[in-house]
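# Coordinates in review
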Amino acid sequence: MASMESPCVRICVMDPVSGLCRGCARTLDEIVAWGTMSLDQRRTIMSELDGRMDRIAVVEAGQ
């Protein structure tokens, strides 16, 4: 399996509302499975992270 850099930035705090990590915007299941995912699965998740970070920011702004 080809390797892909992880989006982890070592800020591991799960947002209770969105269910996403505030550092990397992945779900807990995605974080756990990252090492065994295919390159295509990782690319799909990576392509969604900016939008997910926007969702986290909206949730935090509304608190």
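Because the structure is a prediction, the values reported are computed rather than measured. (Residues numbered from 1 in each chain as written. Predicted model: local features only at pLDDT ≥ 70, side-chain atom pairs only at ≥ 80, totals over all residues. Heavy atoms only, no water.)

## Section: the overall build of the protein
Quick reminder of the rule: Every helix listed is a DSSP run of H or I at least four residues long, and every strand listed is a run of E at least two residues long, numbered separately from the N terminus. Burial classes: relative accessible area under 20% of the type maximum marks a residue as buried, over 50% as exposed, and values in between as partly exposed (1.4 Å probe, protein chains only). Two residues form a contact once any of their heavy atoms are found within 4.5 Å. Areas reported here follow the Shrake-Rupley algorithm with a probe of radius 1.4 Å; residue values treat only the protein chains shown as occluding. Positive charges come from Lys and Arg, negative ones from Asp and Glu, while His and the chain ends are left out of the count. Charged side chains are reduced to one point each, which is NZ for Lys, CZ for Arg, CG for Asp and CD for Glu.
Check the secondary structure of the protein and you find two helices and zero strands. The proportion of buried residues among the 63 residues of the protein is 25%. The contacts in the protein between residues at least 6 apart in sequence include a share of 50% that link residues at least 24 apart. Only carbon and sulfur atoms are counted for the fraction: they give 56% of the accessible area of the protein, which is about 4,200 Å². Separation of charge centres in the protein, based on 7 positive and 9 negative side chains, amounts to 4 Å.

## Thoughts on the pattern of salt bridges
Rules: Salt bridge, as used here: a side-chain nitrogen of Lys or Arg that lies within 4 Å of a carboxyl oxygen of Asp or Glu.
Tallied over the full model, the rule gives four salt bridges. The closest approach of N and O atoms between Arg22 and Asp15, which form a salt bridge, is 3.0 Å. Salt-bridge contacts for Asp40 lead to Arg43; the nearest nitrogen and oxygen are separated by 3.8 Å. One end of the pair is Asp40 and the other is Arg43, both in helix H2 (residues 39-61) and three residues apart, which spans about a single turn. Through salt bridges with shared partners, one network takes in Glu30, Glu48 and Arg52.

## Description of H2
Note on helix geometry: an α-helix contains 3.6 residues per turn, so any two residues three or four positions apart are oriented the same way. Spelled out, the test is: To estimate the expected span of a helix, subtract one from its residue number and multiply by 1.5 Å. To obtain the bend at a residue, axes are fitted to the seven residues ending there and to the seven starting there, and the angle between these axes is taken.
Helix length check: H2, at 23 residues, gives a terminal C-alpha distance of 33 Å against a target of 33 Å (1.5 Å per residue), a fit within 8%. Along H2, the sharpest kink reaches roughly 40°, centred on Leu49. Turning to H2, its buried residues number three or more, namely Arg42, Ile45, Leu49, Arg52 and Ile56. Contacts made by the buried residues of H2 are with helix H1 (28-33).

## Observations concerning a nonpolar patch on the surface
Applicable threshold: Put simply, a patch holds well-exposed residues, over 30% relative accessible area, that have no salt bridge, with like charges counted together within 9 Å and Val, Leu, Ile, Met, Phe, Trp or Tyr side chains within 5 Å.
A cluster of nonpolar residues, Val9, Ile11 and Val13, forms a patch on the protein surface that exposes about 240 Å² of accessible area. Relative to the helices and strands, Ile11 resides in the segment before H1.

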